[in-house]
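Structural characterization, general
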Amino acid sequence: MSASAKNSSSSVSMGNINIDPTGFVKLGSQLPKLANILAQAINELSLPLSETQQRTLLLYLDQLLLWNKAYNLTAITDPEEALIKHVIDCLSIITHLPAGSLLDIGTGAGLPAVIIAICQPERQCTALDSNQKKIRFIKQISSELGLSNMQPIASRIEAHEASYDVVTSRAFASLIDFVEVAQPRLVDSGFLCAMKGKAPSEEELQALDSDWHLKTIKLTVPRLHDSRHLIEMSAKDS
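Model, not experiment: these values are computed from the prediction.

**Things to note about the pattern of salt bridges**
One pass over the structure, following the stated rule, counts seven salt bridges. Between Lys33 and Glu80 there is a salt bridge, and its shortest N-O distance comes to 2.9 Å. Pair noted here: Lys33 is in helix H1 (residues 31–44) and Glu80 is in helix H4 (residues 79–91), with a separation of 47 residues, a long-range link. Where Lys236 meets Asp209, a salt bridge forms, and the shortest distance between an N and an O atom there is 4.0 Å. Taken as a pair, Lys236 in the segment after strand S9 (229–235) and Asp209 in helix H8 (residues 202–209) lie far apart in primary sequence, 27 residues in all. Each of Asp89, Arg170 and Arg228 takes part in one network of salt bridges that share partners.

So, in C-alpha cells, the structure goes:
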C-alpha cells in the first residue's frame, strides 16, 4: 500500500477545509467534490471532526477502493457511492454510541470499526472478522493512518474471549442472531448496538423484550435515502 498517511506542504482548498492531495490514488480528480460532500455530512451530523480526521476518512476510502479487488472488500466501486453508503453511513451512529471499549463483529473492511477509531481516538476499538484477508487490510491501513486505538483480529466470534463495553455490527440480518453471539462478549452494564436498514420486526422485539432494554434509533444519513436504524440493547438484569 502507498504511504498515504504522509503529509505535504501542498494542499487543495475545498470549501472551508484544506485537504492535502498527496497519497491519494483512486479518488483523483473527484477528491475536491468528495471532500465537500464529507464536510457537509459531518456538519449535518454535528460531529466535531478536525480537518486531519476528515482527510484520514478520505484516505481510508481511497485505500478501500484501491485494494478492493485484491481483498474483496466491497461490492461498491463508485467513490461517491462508497463515501455515502460506507463512510457517511457509519458516521451517522457516532453520536449515539455509549462510551467505552468497543468490539465490531463481522467488521469486513473495518465498517464501522475503522470509522469509529478515526472519529474517537480515545476509544479502544477491536475489529473482528474470520476473513484473514480483510483483517490484513485493516492492519495495514490502521498502521498507515496511525490508528493506535485499533486492534484488528482474525477470528470467529465464538473463539474470541475478551469482553467489551460496547459491541457493534452491521453484518447481521437477524437481530436475534447478533444478540446470541455478541452477548457473551459484553461486560456487565454494557451495550449491544446493531446497525440495521429497516427497523426490527415486532416478532424480533418481542423475542428479546423479556431480557433486554431495547431502543430503536432512526438514523438520518446525509445523501442516503434508504432506511437506517441503530438498535441499542442493554441487559435487564445488569
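**As for helix H6 (residues 132–145)**
Structural remark: α-helix, 3.6 residues per turn; residues separated by three or four positions point the same way. A rise of 1.5 Å per residue sets the reference length of H6, with its 14 residues, at 20 Å; its end C-alpha atoms lie 20 Å apart and thus fit the reference within 8%. Listed as buried for H6 are Lys134, Ile135, Phe137, Ile138, Ile141, Ser142, Glu144 and Leu145. For H6, the secondary structure elements touched by its buried residues are helix H2 (51–66), helix H3 (68–71), helix H5 (113–119), strand S4 (125–129) and strand S5 (150–154). Where H6 starts, the residue carrying a side-chain oxygen 3.0 Å from the main-chain nitrogen of Lys133 turns out to be Asn131. Once H6 ends, the next one or two residues include Gly146, with phi positive near 70°.

**Here we look at the packing of aromatic side chains**
Counting across every chain of the model gives four aromatic pairs. Taking 6.0 Å as the distance between ring centres and 65° as the angle between the ring planes, the aromatic pair formed by Trp67 and Tyr71 counts as edge-to-face. The partly exposed category is assigned to Trp67, whose relative accessible area is 24%. Assessed through its relative accessible area of 17%, Tyr71 is described here as buried. An angle of 50° between the planes, with centres 5.6 Å apart, marks the rings of Phe172 and Phe178 as tilted. Here the aromatic cluster, defined as three or more aromatic residues joined through ring pairs, consists of Tyr60, Trp67, Tyr71 and Phe137.

**Quick look at unusual backbone geometry**
A cis amide bond, omega 10°, links Leu111 with the succeeding residue Pro112. Summarising the element assignment, Pro112 is placed in the loop between strand S3 (102–105) and H5. With a phi angle near 65°, Ser189 is a residue other than glycine that sits in the positive phi range. The residue Ser189 is located in strand S7 (residues 186–196) in this model.

Rules used in this analysis
Residues numbered from 1 in each chain as written. Predicted model: local features only at pLDDT ≥ 70, side-chain atom pairs only at ≥ 80, totals over all residues. Heavy atoms only, no water. Salt bridge = Lys/Arg side-chain N within 4 Å of Asp/Glu carboxyl O. Helix = DSSP H or I, 4+ residues; strand = E, 2+ residues; numbered from the N terminus. Expected span 1.5 Å × (residues − 1). Buried < 20%, exposed > 50% of the residue type's maximum accessible area, 1.4 Å probe, protein only. Contact = heavy atoms within 4.5 Å. Polar contact = N/O pair within 3.5 Å; in protein donor to acceptor, adjacent residues only side chain to side chain. Phe/Tyr/Trp six-rings, centres within 6.5 Å; stacked < 30°, edge-to-face > 60°.

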